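Fold and contact review
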Amino acid sequence: MTPITEVEGRRVALSNLEKVLYPETGFTKGELLHYYATTAHALLPHLRDRAVSFLRYPDGPDGQLFFTKNVPPGTPEWVTTAEVPRSSADGPARMVVVQDLPSLVWAANLVTEFHTHQWLVPTPDEADRLVFDLDPGPPAHLVHCCEVALWLRDRLAADGIEAYPKTAGSKGLHLLAAVRGSSSERTSEYAKALAVEAERAMPRLVVHRMTKSLRPGKVFVDWSQNAARKTTAAPYTVRARRVPLVSVPVTWEEVADCRSPAQLEFQADDVPPRLKDLGDLLAPLLEPGAAAPLP
């Protein structure tokens, strides 16, 4: 029988809690759910009012991985959903919006990564986030991403935009900034211009095009995730990797001091004590008045 637990007055069905999702570390589904419950105070503000797509891996990272954008069958009626725009050819989609702890626990029970757009459900025509995904092509690695991130931080600051770094939870870095008064299309154009500028400034290190043959030994500055239809791994989401790595906010001092990729690799067990010591390093993105206009 599937156990039922009560979360803030909602009945949530949980399943297969002893199932090992990450054989390399023995990390179980129950531990995954515990992680999300104990970090919800930091994660939920970054999910709230955003349509969420799920990368599901019910049999662990070595099993089948598949994206779920539409509301999954069997979604409880108390889980918030919203109609969101897609292309004119496809029409709107109905997606989950994780607004509270019961919804988070329900979604985590599906074994998911959480991915969000760079806009809020009430205002889909206005981007409120600018994002760069720094993806190293071997033999380049996370240390090289840090070098590029520092350049982008300073370049964005010159335009009055404050950027905040987080690990991708895989092998790269994400930079996030709060913006206002611009469409996703305009934000994408601005991000692409900065990626091109970064390539010109660091031609041996940076590439702004996705072409795989150009990427070995360089950091791909992926500006395209600013497109309205694209999503990016949310802060604090556990990733479907060989071990339960998490997309974790980091300080600029940690970025500047990084000499080995292992320095910026955080697993689920590392996050609660880090939150206790540092709080949510991305909280400034959520503060009223934090968003800057694009130049």
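For the structure, see preceding data.
The rules behind the values
Residues numbered from 1 in each chain as written. Predicted model: local features only at pLDDT ≥ 70, side-chain atom pairs only at ≥ 80, totals over all residues. Heavy atoms only, no water. 1 Å grid on protein atoms, 1.4 Å probe; cavity = no way out; pocket = protein on both sides within 12 Å on 5 of 7 lines; lining within 4 Å. Points joined across faces, edges and corners; volume = space filled by probe spheres on them. Helix = DSSP H or I, 4+ residues; strand = E, 2+ residues; numbered from the N terminus. Salt bridge = Lys/Arg side-chain N within 4 Å of Asp/Glu carboxyl O. Patch = residues over 30% accessible without salt bridge, like charges linked within 9 Å, V, L, I, M, F, W, Y side chains within 5 Å. Areas by Shrake-Rupley, 256 points an atom, 1.4 Å probe, with all protein chains shown as cover. Lys, Arg positive; Asp, Glu negative; His and termini not counted. Charge placed at Lys NZ, Arg CZ, Asp CG, Glu CD. Buried < 20%, exposed > 50% of the residue type's maximum accessible area, 1.4 Å probe, protein only. Pairing = 2+ DSSP bridges. Axes fitted to C-alpha atoms, helices over the stretch in contact; angles between N-to-C directions. Parallel < 35°, antiparallel > 145°, perpendicular 65-115°, else oblique. Left-handed = near helix turned anticlockwise from the far one by under 90°. Contact = heavy atoms within 4.5 Å. Nonpolar A, V, L, I, M, F, W, Y, C, P; charged D, E, K, R; others polar.

**Here we look at the layout of surface pockets**
Gaps left between atoms show up when a probe the size of a water molecule is rolled over them. Roughly 520 Å³ of internal volume is contained in the largest pocket. Forming the boundary of the largest pocket are 26 residues, of which Asp-133, Asp-222, Gln-225, Thr-231 and Arg-239 lie nearest the centre. Mapped onto the lining of the largest pocket, the elements with two or more residues apiece are strand S9 (112–116), strand S10 (127–136), strand S14 (219–222) and strand S15 (232–233). The greatest single-element share of the lining of the largest pocket, amounting to three residues, is contributed by S10.

**Considering the pattern of salt bridges**
A full pass over the atoms with the stated rule returns eleven salt bridges. The salt bridge partner of Asp-59 is Lys-19, with a shortest N-O separation of 2.6 Å. On the criterion of sequence distance, the pair formed by Asp-59 in the loop between strand S5 (51–56) and strand S6 (66–68) and Lys-19 in the loop between strand S2 (10–13) and strand S3 (20–22) is long-range, its members being 40 residues apart. Residues joined by salt bridges that share partners form a network here, namely Arg-50, Asp-128 and Arg-129.

**A word on a negative patch on the surface**
On the surface, a cluster of negative charge is contributed by Glu-18, Glu-31, Asp-269 and Asp-270. With respect to the helices and strands, Glu-18 occurs in the loop between S2 and S3. Judged by its relative accessible area of 69%, Glu-18 is exposed.

**Regarding unusual backbone geometry**
Here the bond from Pro-138 into Pro-139 is cis, since omega is 10 degrees, no more than 30 degrees from zero. Here Pro-139 lies in the loop between S10 and helix H3 (142–158). The phi torsion at Glu-8 lies on the positive side, around 50 degrees, for a residue other than glycine. Within the fold, Glu-8 resides in the loop between strand S1 (4–7) and S2. Despite not being glycine, Asp-49 shows a phi value in the positive range, around 65 degrees.

**Re the pairing of S9**
In terms of burial, S9 is a largely internal element, five of the five residues being buried. Residues Thr-112, Phe-114 and Thr-116 line one face of S9 and the alternating positions Glu-113 and His-115 line the opposite face, and both faces are buried. As paired strands, S5 and S9 are joined by five bridges and run antiparallel to one another. Within the sheet, the bridge partner assigned to Val-52 lies in S9 and is Thr-116. Direction of pairing for S9 relative to S15: antiparallel, over a ladder of two bridges. Paired with Thr-116 across the bridge in S15 is Thr-232.

**Considerations on the packing of helix H1 (residues 29–47) against helix H2 (residues 101–109)**
Running from N to C, H1 and H2 cross one another at 135 degrees; their axes reach a closest spacing of 9 Å. Taken as axis vectors, H1 and H2 run oblique relative to one another. Crossing of H1 against H2: the hand is right-handed. Together, Lys-29, Leu-32, Leu-33, Tyr-36, Ala-37, Ala-40, Leu-43, Leu-44 and Leu-47 of H1 and Leu-101, Leu-104, Val-105, Ala-108 and Asn-109 of H2 make up the contact between the two elements. Looking at the contact of H1 with H2 residue by residue, the class counts come to twelve nonpolar, one polar and one charged.

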